[in-house]
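These are the residues of each chain, in order.
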Amino acid sequence: MLVSRRSRVASLAACATILLATSACGNDKAEEGSAQQVRLYGTDGNMLNSYPAELKERANLVDGMKGTTPLTPLPEDFKSRLRSVDPALTDYLYSAETYDAVVIGALAAQLAGSNDPAAIAKQIVGVTNGGQRCENVASCLTLARAGQDIEYRSVSLTRAGFTDKGEPATASYATLTFDGQQINDGKTEFVGAGTESAASTKAPPKPRKQPAGDDPDQKPLVMGGLLPKTGDLAIAYPPMAAGATLAIREINAAGGALGKPVTWMDGDDGTSPAVAKATVAKHVADDVSVIIGAGGSGISREVLPDVVKAGKILFSPSNTDSGLTDVEDKGLYFRTAPPDSLQGRALADVMLRDGSQKIAIVARKDSYGEGLQATVREELEKAGIAGDRLKLLTYEPPADAKAPPVDFTGGAKEIKDFGADAVLIIGFGESAQVIRALADSGVQIRH
C-alpha cells in the first residue's frame, strides 16, 4: 500500500505540474468546446496606433498584439520637430526614413552640382559613406557646397551607410506591444541587425564646389512624393508626410540646394499601381528629379520600370521587400528602409521567446507580404520549428477603396482547425479583417 500510495502522490504531482502549463490533466486534448487561444503578431504595416481604428467597434481585439518594425530610438527633439509640422501625429513609423531619404537626395544633388537624376544617383551611396562626418542638414549642406565629401548620419542612419546596392547596411528594429488600443512605449525593445562591413567602400565622383553668387541658368532641384495618402497603407501616411515636410523645411532654411530652394511636388501612390503610375507620369511631366516613394514594395515594383525609363530616381523610405535589392534599376532605385531579410529574424525571435509552437503566417498577396512570409518561415525552421507546425496563408488585398473588404472566413477556419497558438499577420490596414474573421470563427485572442 505504501508503494502504491507513493506512486499515486508522484502521479498527482506530475499531473499538477502539467496542469499549470496546459490547464488540462489526464487528457491529451483540451476539453470539448473549450475556446482555442492564440497570440496575435504584426509587422510594420499594422503595428501603429492608428491601426485599431480599422477594427472600429472591435478595436479591443488588438490588446496584447506584438510585432516588429524598422525603428531606431528617435530623439525627443526630432519628434518635437515632427509635431511642429503635424501636431496631431500619434505614430512615427518611417518618419525618420522619409526625412533621411529627402535629405540624402538633396545632399547628393548639391555634391553633384546638378539636378540631373543620373548625376545625383552616382552620389547617393557616397553621401552615407566616407568623407567628413556631419549630423544635421545645415552642416552637411555647408560642407557639400564647399566641395567636401561627406558622411551623413542622422535619425534613421546611425551606425553604417548604404551598401553598393543603395540600401542600409545596418538597421534597428523595435518590438512593439499593444496595451489596450495603444502601443505601450514602455514595453518597446530595440535590437540591432546587419553588419557595418556591408557598407560600400566605393568612391563617388568628385564633389563639385558651388560657384559663388547666383547662377540664373541653374534649375532648382525638384523632388516629388509618391506616398500612400490613400489606400490600404494610408494609416502610415501621416508620419511619412511629416518627415518629408520637415526635411524640405530644414533644407530650405539652411539655404536650399544648388543655390535655390528645393521644390516639393506632392503625390499619392494610393497603395494602387494605377494611382501610382498616374502620379509618376505627372512627376515626369513636371521635371521631378527624385521621387520619394512608393510606400509599399509591390507598388514600387510596378512603377519602377516607368521611373527608370524616364531616367528619374525612385527613393523609398518604406520598401522592405528583400527582392528589391537586386531589381533591375540601372542604378536609379534606393531605399532608407532595411530589407526584410533582417526583419524576418527579429519577428521569428519575438514569437519564439513567447513559446509559440504552432504558428500560422497570414500575408497579403504581394511582394511585401509573401516575401516577408517566406523569410519568417525560413527563420522559424532554422530555429527548429518543423514545417508541419507552420501554416502559410495569403489573401488578396482590395484592388481599390471601392472594392469589398477582405473575406478571410475560410482562412480563419483553417487556422482554427490547425490549432495554431500564434498568428502572424503581414499586411496593412486591410489586415484588420483577418483579426475580425479569427474572432468570428471562435478563436479566442490572448491579451
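Residues numbered from 1 in each chain as written. Predicted model: local features only at pLDDT ≥ 70, side-chain atom pairs only at ≥ 80, totals over all residues. Heavy atoms only, no water.

## Observations concerning the nonpolar core
Here is the rule: Remark: nonpolar core denotes a set of buried residues (Ala, Val, Leu, Ile, Met, Phe, Trp, Tyr, Cys) joined through side-chain atoms within 4.5 Å. Relative accessibility under 20% of the residue-type maximum defines a buried residue, over 50% an exposed one, and the middle range a partly exposed one, all with a 1.4 Å probe and only protein chains included. Numbering of helices and strands runs from the N terminus; a helix is a DSSP stretch of H or I covering at least four residues, while a strand is a stretch of E covering at least two. Each domain span listed reflects an automatic or database assignment of domains.
Membership of the largest hydrophobic core comes to 125 residues, with the highest contact counts inside it found for Phe315, Phe408 and Ile435. Here this core gets eleven residues from one element, more than from any other, and that element is helix H3 (residues 95-112). Here this core gathers at least three residues from each of two domains, domain 1 (37-67 + 341-445) and domain 2 (70-337).

## Describing the UniProt feature "domain: Leucine-binding protein" (unreviewed entry) in the chain
Definition in use: UniProt positions are given in the numbering used here, feature names are shortened, and annotations may be inferred rather than shown by experiment.
Per the UniProt record, the feature "domain: Leucine-binding protein" (unreviewed entry) sits at residues 223-444. Overall, residues 223-444 shows 41% helix and 17% strand. The separation of its end C-alpha atoms is 48 Å.

## Looking at helix H6 (residues 237-253)
Formally: A helix is expected to reach a length of 1.5 Å times the quantity of its residues less one.
Between its first and last C-alpha atoms H6 spans 24 Å; for 17 residues at 1.5 Å apiece the expected length is 24 Å, and the two agree. In terms of burial, H6 is a largely internal element, twelve of the 17 residues being buried. Among the residues of H6, Tyr237, Pro239, Met240, Ala241, Ala242, Gly243, Ala244, Leu246, Ala247, Ile248, Glu250 and Ile251 are the ones counted as buried.

## Structural notes on the state of the cysteines
The term disulfide refers to a covalent linkage connecting the sulfur atoms of a pair of cysteines. Condition: Here, the term disulfide refers to a pair of cysteine sulfur atoms separated by no more than 2.5 Å.
Counted under the stated rule, the structure contains one disulfide. At a sulfur-sulfur separation of 2.1 Å, the disulfide partner of cysteine 134 is cysteine 140. The sign of the 115° torsion about the S-S bond sets the cysteine 134-cysteine 140 disulfide as right-handed. No difference in accessibility class separates cysteine 134 from cysteine 140, as the two residues are buried.

## Here we look at the packing of H3 against helix H5 (residues 137-145)
Angle between the axes and distance between the axes are the two parameters that describe a pair of packed helices. Worth spelling out the cut-off: Interaxial angle, 0 to 180 degrees, is taken between N-to-C directions of lines fitted to C-alpha atoms, where a helix line uses only the stretch in contact. Any angle that falls under 35 degrees is termed roughly parallel, while one over 145 is termed roughly antiparallel, one within 65 to 115 roughly perpendicular, and all others oblique. Each crossing gets its handedness from the near helix: less than a right angle anticlockwise from the far helix is left-handed, clockwise is right-handed. For this analysis, residues touch if any pair of their heavy atoms sits within 4.5 Å. In this count, Pro and Cys sit with the nonpolar residues alongside Ala, Val, Leu, Ile, Met, Phe, Trp and Tyr, while Asp, Glu, Lys and Arg are called charged and the others, Gly among them, polar.
Running from N to C, H3 and H5 cross one another at 20°; their axes reach a closest spacing of 9 Å. Taken together, H3 and H5 sit at an angle that is classed as roughly parallel. Judged by the sense of rotation from one axis to the other, the crossing of H3 with H5 is right-handed. Counted together, Tyr99, Val103, Leu107, Gln110 and Leu111 of H3 and Val137, Cys140, Leu141, Ala144 and Arg145 of H5 form the full contact between these two elements. Tallied by class, residues from the contact of H3 with H5 come to eight nonpolar, one polar and one charged.

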